[in-house]
Amino acid sequence: MLSLATIRRRWVSFTGTFTALCLGVTILCMTALVLTSARAEAPERYAGTQVLVQSPGADQSDGNFTENLPWSPERTDELVDKLDAVPGVAAAVPDRSFYAQAVVGGRPVDDPGGELRPWSAAGPSTTRAGSCAATPGPVPRWHPTS
């Protein structure tokens, strides 16, 4: 009875307190959501990988963000050989990405292209269509059917 009488007489204070509590809980939930979603996660293609070796970070002292520069092919081969020699290593696979875009008649198609990776670094993935290359080397020329 006393609680109801207090709420009736001080409804403005009750409403303000309730609103402040709701806003506080909302801020705490949003902060927890941001912290949870900001965790660094390895890309799905590295799901079965036990160890990942990455090139050292680029110099960002000027305030501009730049991605890590890849190792040279010679340095990559040297690291692959060293990692293959470690007992217990099943395979050391270099994962060098490259840009690719379809070109028809000397002009790029509407698709902007994207970052591709070698089949050897595909990892536990599923092929949507076609198959992997039978031999190493350049990709065979693509001829559209339409």
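Worth saying up front: this structure is predicted, and the values here are computed from it rather than measured.

Thresholds applied
Residues numbered from 1 in each chain as written. Predicted model: local features only at pLDDT ≥ 70, side-chain atom pairs only at ≥ 80, totals over all residues. Heavy atoms only, no water. Helix = DSSP H or I, 4+ residues; strand = E, 2+ residues; numbered from the N terminus. Expected span 1.5 Å × (residues − 1). Buried < 20%, exposed > 50% of the residue type's maximum accessible area, 1.4 Å probe, protein only. Arc of directions from axis to C-beta. pLDDT = per-residue confidence, 0-100. Phe/Tyr/Trp six-rings, centres within 6.5 Å; stacked < 30°, edge-to-face > 60°.

Engineer: Before we move on, can you summarise helix α3 (residues 73-84) with the specific residues and values?
Structural biologist: With 12 residues, α3 ought to run about 16 Å at 1.5 Å a step, and its terminal C-alpha atoms sit 16 Å apart, in line with that. By the burial criterion, the buried members of α3 are Thr 76, Leu 79 and Val 80. Buried residues of α3 fall within an arc of 100° about the axis and therefore sit on the same side. More than 90 degrees from the buried face of α3, the exposed residues found are Glu 74, Asp 81 and Lys 82.

Engineer: Report on the confidence of the model for the protein chain, specifying residues and quantitative values.
Structural biologist: With 73% of its residues at a pLDDT of at least 70, the protein chain reaches an overall mean of 77. Averaged over each element, pLDDT in the protein chain is lowest for strand β4 (residues 114-116) (74) and highest for helix α2 (residues 11-37) (91).

Engineer: Which residues make up the environment of Val 51, and what values go with them?
Structural biologist: Note on placement: Val 51 falls in the loop between α2 and α3. Through-space distance from the C-alpha of Val 51 to that of Val 89 is 9.7 Å; in sequence the pair is 38 residues apart.

Engineer: Would you mind going over the packing of aromatic side chains in detail, with residue names and values included?
Structural biologist: Where two aromatic rings form a pair, the distance of their centres and the angle of their planes describe that pair. As enumerated under the stated definition, the model contains one aromatic pair in all. When the ring of Phe 14 is compared with that of Phe 18, the centres are 6.4 Å apart and the planes differ by 20°; the resulting orientation is stacked. Of this pair, Phe 14 and Phe 18 both sit in helix α2, four residues apart, which is roughly one turn of the helix. Overall, Phe 14 belongs to the partly exposed group, its relative accessible area being 43%.

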